[in-house]
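These are the residues of each chain, in order.
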Amino acid sequence: LVHLVLSQDHTIRQQVQRIMELDREIERFEARTHFDRMKMHGVNYVQETYLVGTASDKGSASDSNPPSDQSSQEELFADYAQKCDEVLLLQEQISRQEEAMEQITVQIQEELNKRWMERRQEELSSKEQESSLSDSGADQGGDESQLLFEQEQVKTELSASL
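Here the residue index of a chain counts from 1 through its sequence in written order. Per-residue local features of the predicted model are confined to residues with pLDDT of at least 70, and side-chain atom pairs are confined, for both listing and counting, to 80 or more; whole-chain, interface and lining totals are unaffected and use all residues. For side-chain calculations, the full set of non-hydrogen atoms in the structure is used, while hydrogens and water are omitted.

S.K.: Help me understand the overall build of the chain, please; the structure alone is not making it clear to me.
M.R.: Assigned secondary structure in the chain consists of five helices and zero strands. Numbering of helices and strands runs from the N terminus, with a helix taken as a DSSP run of H or I at least four residues long and a strand as a DSSP run of E at least two residues long. Shown N-terminal to C-terminal, the secondary structure of the chain runs as helices and strands in the order α-α-α-α-α. A 1.4 Å probe rolled over the protein chains alone gives each residue an accessible area, and that area as a share of the maximum for its type sets the label: buried under 20%, exposed over 50%, partly exposed in between. In the chain, which comprises 162 residues, the share counted as buried stands at 10%. The contact criterion used is simple: two residues touch if any of their non-hydrogen atoms lie within 4.5 Å. At a minimum sequence separation of 6, the contacts of the chain that also span at least 24 residues come to 86%. With residues, only the protein chains shown are counted as cover, and all accessible areas are computed by Shrake-Rupley using a 1.4 Å probe. Within the structure as shown, the chain displays about 13,300 Å² of accessible surface, and the carbon and sulfur contribution to it stands at 55%.

S.K.: I'm lost on the side chain of Ser-95 in this one. Help?
M.R.: Within the secondary structure, Ser-95 is located in helix H4 (residues 70-134). Given the relative accessible area of 8%, Ser-95 is considered buried. Excluding its chain neighbours within four sequence positions, the residues that come into contact with Ser-95 are Arg-24 and Arg-28.

S.K.: Which parts of the structure should I look at to understand helix H1 (residues 2-41)?
M.R.: A helix is expected to span 1.5 Å multiplied by its residue count minus one. The end-to-end C-alpha distance of H1, which contains 40 residues, comes to 58 Å, matching closely the 58 Å that a straight helix rising 1.5 Å per residue would cover. Of the residues making up H1, those classed as buried are Leu-6, Arg-24, Phe-35 and Met-38. Phi for Gly-42, located one or two positions after H1, is positive at around 100°.

S.K.: Before we go on, may I ask you to explain the pattern of salt bridges in this structure?
M.R.: Side-chain pairs of opposite charge can arise whenever the charged atoms involved come near each other. Each salt bridge in this description consists of a side-chain nitrogen of Lys or Arg and a carboxyl oxygen of Asp or Glu lying within 4 Å of one another. Under the defined criterion, the tally for this structure stands at seven salt bridges. The salt bridge involving Lys-155 is made with Glu-152; its shortest N-O contact spans 4.0 Å. One end of the pair, Lys-155, and the other, Glu-152, are both in helix H5 (residues 139-161), three residues apart, so they sit about a helical turn from each other. Under the relative-accessibility criterion, Lys-155 is labelled partly exposed at 45%.

Function cannot be inferred from these measures alone, as they are strictly geometric.
So, in structure tokens, the structure goes:
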């Protein structure tokens, strides 16, 4: 039962990590799609899409405004596109650094668990030696110490899983 719980814990951790990776992929895809739409339809494509119905209501009021300078709009768009590219690169760098941090955290936790298990095993073996010296050779003492050792090992694995 304990091994089943530990196995399920490991599976859940892998699934959570995969979900986080997929979330990052989705965010990158959405940012890329938004950037592509900005290239095709202009910087204000979202506003223009939702204002399509209201533009026909205004009628000639929008026609009275003079068209803005095309070259300045193109410069602004190019600058905005460059900034979007930089943001995407920064997001990818952050994702890679977060993944590295997660890996390092897992490695540190594994090392701590390993050292703690070694320390517990040393304590148990020293207790076992003491009990074997105090016992004058009874076989039940050895079986009990083995059971205690296994029990402590299971407790250690469960607490490490938590």
